[in-house]
Amino acid sequence: MREIVASAPGKVNLHLGVGEARADGYHDLVSVFHAVDRREVVRLRIDGDPVAGPAVETMRTTFFVDRPDEDIDGPGNLAWRAVEAVVARAGVAVPRVRIEVDKHVFVAGGMAGGSADAAAALVAANALVAEYGEPLSPQVLYELAASLGADVPFSLMGGTALGTGRGDELVEMLSRGRLHWVFINPKIGINTGKAFSLLDDLRHGNPALLPHLDSAQLSQALTSGDVGRIAAALHNDLEEPALTLRPVLKRVLAAAGDAGRRAIVSGSGPTVAVLCDSADATRFAAEHVAEQFDAYEVFVAEGPDHGAVVERVS
Ligand code: C5P
């Protein structure tokens, strides 16, 4: 039995400006993605000789965070689809694989955990293909990533990046220093599509809910490395729909904001991300939050972290 191990980071959006709904069901975004060192691990376990046809035999997820009610280990899982997509596109026969995912990023939390699984599976599958034929180019891997989901290209890339289009047209952003975070999972998953469509509905009734498509203030703050300025520049257009869907988040945001510099909803939520001044400050904030919300999951992480990589081939 051989294995290929890859990992990819979770993310928080430092800025998430949502524009008009498009004809394809997506929204144009101006998003500043920031990868954190809370990483998903994807292992491909390989046995036997190359065969034609589907590459994936089974998959199994081990949860290091709260597990969802439904079984996510099937052909619809993004990691499964990523492996099949790479092998089909490369046109190379490979031995059948078993996928094992170690899930460290909250499920349906707005931290792109599923996208990180997909990105790690893409690079792992490409390493497998490379053993039996020509691997895919970075450009083709990126195209497959974008076809799997709007956040998957960023999970591949990592770092801190400006995303436009569906959030998948990426350019790296300059930033100075490390950012220290506490992440809180109130265990009330939010469907990403629902958050986006509720924002459209809320905007019909409230013209003041304008799209924030200018991330210049954040960009300058990131280059300065000043945590206070970065905290002041954080913004998320999806916060309003998240708070409407899950009103308890208002209390969590208020308590978490008191514990650190500033608390925001991560992506479409419900994860709350708390920016703190230092690694020490995150430990204090995490304890403070855990005391108030003892049923919630809490972890600390730092960013920026690197994108999807193959960790080991054995
Ligand atoms: O691409 P992904 O499957 O992660 O997106 C989930 C859903 O979120 C989409 O089906 C769409 O409803 C919404 N979405 C959007 N605009 C984006 C990204 C996601 O409307 N830029």
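Conventions adopted
Residues numbered from 1 in each chain as written. Predicted model: local features only at pLDDT ≥ 70, side-chain atom pairs only at ≥ 80, totals over all residues. Heavy atoms only, no water. UniProt positions renumbered as here; feature names shortened; annotations may be inferred. Helix = DSSP H or I, 4+ residues; strand = E, 2+ residues; numbered from the N terminus. Rg over C-alpha atoms; globule rule 2.2 N^0.38 Å. Buried < 20%, exposed > 50% of the residue type's maximum accessible area, 1.4 Å probe, protein only. Contact = heavy atoms within 4.5 Å. Areas by Shrake-Rupley, 256 points an atom, 1.4 Å probe, with all protein chains shown as cover. Lys, Arg positive; Asp, Glu negative; His and termini not counted. Charge placed at Lys NZ, Arg CZ, Asp CG, Glu CD. Pairing = 2+ DSSP bridges. Right-handed = clockwise from strand over helix to strand, strands pointing away. Domains from an automatic or database assignment. Buried area = accessible area lost by both parts, 1.4 Å probe. Salt bridge = Lys/Arg side-chain N within 4 Å of Asp/Glu carboxyl O. Polar contact = N/O pair within 3.5 Å; in protein donor to acceptor, adjacent residues only side chain to side chain. Near = heavy atom within 4 Å.

In the nomenclature of an unreviewed UniProt entry, the chain is known as 4-diphosphocytidyl-2-C-methyl-D-erythritol kinase of Corynebacterium wankanglinii. Its UniProt record, at the heading Sequence similarities (unreviewed entry), says of the chain: "Belongs to the GHMP kinase family. IspE subfamily." Taken directly from UniProt, the Pathway (unreviewed entry) text for the chain runs: "Isoprenoid biosynthesis; isopentenyl diphosphate biosynthesis via DXP pathway; isopentenyl diphosphate from 1-deoxy-D-xylulose 5-phosphate: step 3/6."

Explain the overall build of the chain to me, using residue names and the numbers behind them.
Counting its regular elements, the chain contains ten helices and twelve strands. A globule of 314 residues ought to have a C-alpha radius of gyration of about 20 Å, and the chain, at 19 Å, matches this closely. Dimensions of the chain, computed from the C-alpha atoms along their principal axes, are close to 55 × 45 × 40 Å. For the chain, buried positions account for 54% of its 314 residues. Residue pairs in contact within the chain that sit at least 24 positions apart in sequence constitute 79% of those at least 6 positions apart. For the chain, the exposed surface amounts to about 13,200 Å²; the carbon and sulfur share of it is 50%. A distance of 2 Å separates the average location of the 28 positive side-chain charges in the chain from that of its 42 negative side-chain charges.

Mind laying out the UniProt feature "domain: GHMP kinase C-terminal" (unreviewed entry) in the chain, listing which residues take part and the relevant values?
When the UniProt feature table is mapped to this numbering, "domain: GHMP kinase C-terminal" (unreviewed entry) covers residues 220–293. Between the C-alpha atoms that bound residues 220–293 the distance is 35 Å, and the span itself is 61% helix and 15% strand.

I'd love a proper account of the pairing of strand 3 (residues 56–63), names of residues and values included.
With seven bridges connecting them, strand 3 and strand 4 (residues 97–103) associate as parallel partners. The residue of strand 4 that forms the bridge with Thr62 is Asp102. Viewed along the sheet, the connection from strand 3 through helix 1 (residues 78–90) into strand 4 turns out left-handed.

Give me unusual backbone geometry: which residues, what numbers.
Put simply, Gly269 and Pro270 share a cis peptide bond, and its omega is 5°. Residue placement: Pro270 occurs in the loop between strand 9 (262–265) and strand 10 (272–276). Pro304 follows Gly303 through a cis peptide bond whose omega is 0°. With respect to the helices, strands and loops of the structure, Pro304 is situated in the loop between strand 11 (297–303) and strand 12 (309–313). Despite not being glycine, Ala108 shows a phi value in the positive range, around 50°.

Which residues make up the domain arrangement of the chain, and what values do they have?
Looking at the assigned domains, one finds that the chain contains domain 1 (2–172) and domain 2 (179–303). One C-alpha centre belongs to domain 1, the other to domain 2, and the line joining them spans 24 Å. If you look at the interface, domain 1 gives 30 residues, while domain 2 gives 38 residues. Summed over both sides, the interface between domain 1 and domain 2 buries roughly 2,600 Å², with carbon and sulfur atoms accounting for 63% of that surface. For the pair domain 1 and domain 2, the interface holds one salt bridge. At the boundary of domain 1 with domain 2, the tally comes to 14 residue pairs in polar contact (both at pLDDT 80 or more). Where the side of domain 1 that touches domain 2 is concerned, the elements lending two or more residues are strand 1 (2–21), strand 2 (27–46) and strand 5 (160–164). A per-element tally of the side of domain 1 that touches domain 2 places strand 1 first, with ten residues.

Residues and numbers for the UniProt feature "active site" (unreviewed entry) in the chain, please.
Residues annotated by UniProt as "active site" (unreviewed entry) correspond here to Lys11 and Asp151. Spanning 141 residues, the annotated positions come together in the fold, the maximum distance between their C-alpha atoms being 9.4 Å. On the secondary structure map, Lys11 appears in strand 1. Its relative accessible area of 4% is what places Lys11 among the buried residues. Leave out the neighbours within four places in its chain, and Lys11 touches Phe33, His34, Ala35, Val36, Gly110, Met111, Ala112, Asp151, Phe154, Ser266 and Gly267. Side chain to side chain, Lys11 and Asn13 meet in a polar contact 2.6 Å long. One can find Asp151 in the loop between helix 3 (138–148) and helix 4 (152–157). A relative accessible area of 22% means that Asp151 is categorised as partly exposed. Every residue in contact with Asp151, bar those within four places of it in the chain, is listed here: Lys11, Phe33, Ala112 and Ser115.

Give me the lowdown on the site of the ligand, citing residues and values where you can.
Within the structure, the ligand sits among Gly25, Tyr26, His27, Leu29, Gly149, Ala150, Arg166, Thr192, Gly193 and Phe196. Contacts to the ligand include Tyr26, whose side-chain N or O atom sits 2.8 Å from an oxygen atom. In this structure, His27 approaches the ligand through a side-chain N or O atom, which is 2.7 Å from an oxygen atom. The fraction of the free accessible surface of the ligand (450 Å²) that becomes covered by protein chains is 72%. Looking at the shell around the ligand, the element that brings in the most residues is helix 5 (residues 192–205), giving three residues. Residues from two domains meet in the shell around the ligand; each of domain 1 (2–172) and domain 2 (179–303) gives at least three.

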